[in-house]
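Next come the chains, spelled out residue by residue.
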Amino acid sequence: MTYTKALTIAGSDSGGGAGIQADLKTFQELEVYGMSAITALTAQNTVGVQGVYPASTEALHAQIESVLSDIGADAIKTGMLYDEERIDIVASFAKKSNFPPLIVDPVMISTSGTPLLKEEAKQAMMEKLFPHAVLITPNIPEAEAMTNISASSLKARKDIARELLTFGSEAVLIKGGHEEDADEITDILFDGAEFHYFTSPKISTSHTHGTGCTFAAAITAYTAMGKSMHDAVRAAKIFVYQALSRAETIGSGAGPVYHAAHRTAEGAPVKMEVERE
Ligand SMILES: Nc1ncnc2c1ncn2[C@@H]1O[C@H](COP(=O)(O)OP(=O)(O)OP(=O)(O)O)[C@@H](O)[C@H]1O
Ligand SMILES: Cc1ncc(CO)c(N)n1
């Protein structure tokens, strides 16, 4: 059997719910061989982030070089990148012509409010990394922070998607998990030609830690398998819906999603619509 392989370049979440740990769990659940390059360690649990300890730039460079020069990857994902120096390292690899499809989850701030990317590195991420990505996956606060457009309406979210696409990624996915007072959640995928809407009921739970990482990791795994972007997003949305629907209490705060839920779950109520630009 030949393995399908994926690499995550992200921060470690000691609590196991987000970051590298969520990515590797997701890859494994989807039978994709997972590898990691750690940008920073976080001391983190369900209550918050107690500390952030960046890996040296030398260590980050060496991890990516080790993995790609020997094992290789069918798709790569980034999560927490911490600062511009570390973005530069990732971009120096991503520039190479044989670099695998890159999914950039533009992680900026933890749910509990701790910065995971330095404010001054935001522009560098947009200008230096987005042009190499097949997909970027901002949530609503990240999309707003990158464009200074309030994402309050569907029209505004479409404008945000159009603006973010100008940075050069092949597609943009605006995630709707932060939608307040909603019964349904819609994620919008835009590739310059079509808007695809993926809608599911909103699950009422406070255990949403790691949804964004898990979603982007599942998209990366399905991309590594060779699915089209639309099919990868659809399959990943089902995976994360199932993981959220089975999230149990762990710790005293916002617990993690349950990555193994798809093993026993039967489907998920995800509706899809498409609209031409
Ligand atoms: N309560 C919910 N019910 C159903 N789906 C949800 C819910 N919350 C998030 N999702 C889905 O989970 C995925 C991740 O979206 P979200 O906007 O929460 O990402 P994020 O904010 O980056 O995650 P994180 O909480 O890890 O920072 C999307 O597909 C979104 O639609
Ligand atoms: C390490 C890490 N990456 C990403 C997130 C965002 O969920 C987090 N809380 N921690």
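Procedures and definitions
- Residues numbered from 1 in each chain as written.
- Chains lettered and ligands numbered in written order.
- Predicted model: local features only at pLDDT ≥ 70, side-chain atom pairs only at ≥ 80, totals over all residues.
- Heavy atoms only, no water.
- UniProt positions renumbered as here; feature names shortened; annotations may be inferred.
- Near = heavy atom within 4 Å.
- Polar contact = N/O pair within 3.5 Å; in protein donor to acceptor, adjacent residues only side chain to side chain.
- Areas by Shrake-Rupley, 256 points an atom, 1.4 Å probe, with all protein chains shown as cover.
- Helix = DSSP H or I, 4+ residues; strand = E, 2+ residues; numbered from the N terminus.
- Phe/Tyr/Trp six-rings, centres within 6.5 Å; stacked < 30°, edge-to-face > 60°.
- Lys NZ or Arg CZ within 6 Å of the ring centre and 35° of its normal.
- pLDDT = per-residue confidence, 0-100.

As recorded in an unreviewed UniProt entry, the protein goes by the name Hydroxymethylpyrimidine/phosphomethylpyrimidine kinase, listed as coming from Alkalicoccus halolimnae. Heading Sequence similarities (unreviewed entry) of the UniProt record for the protein holds this comment: "Belongs to the ThiD family."

Draft legend 1. Quick peek at the site of ligand 1. Close contacts around ligand 1 come from 18 residues, with Lys 175, His 178, Asp 187, Ile 203 and Lys 237 the closest. Contacts to ligand 1 include Gly 212, whose backbone N or O atom sits 2.9 Å from an oxygen atom. The separation between an oxygen atom of ligand 1 and a polar side-chain atom of Lys 237 is 2.8 Å. When isolated, ligand 1 has an accessible area of 620 Å², and the protein chains bury 92% of it. When contributions to the shell around ligand 1 are tallied by element, the ones reaching two or more residues are strand 8 (184–190), helix 7 (211–224) and helix 8 (229–245).

Draft legend 2. Expanded view of the packing of aromatic side chains. Per the stated rule, a full pass over the model turns up three aromatic pairs. The cationic tip of Lys 158 hangs over the ring face of Phe 195; the distance from NZ or CZ to the ring centre is 4.9 Å.

Draft legend 3. Local environment of the site of ligand 2. Close to ligand 2 lie Gly 11, Ser 12, Ala 18, Gly 19, Gln 44, Met 80, Val 107, Leu 116, His 209 and Cys 213. Measuring from a nitrogen atom of ligand 2, one finds a side-chain N or O atom of Gln 44 at 2.8 Å. Its free accessible area being 290 Å², ligand 2 has 91% of it covered by the protein chains.

Draft legend 4. Quick peek at the confidence of the model for the protein. Mean pLDDT over the protein stands at 96; residues scoring 70 or higher make up 100%. Scoring the predicted complex yields pTM 0.98 and, for the interface, ipTM 0.97.

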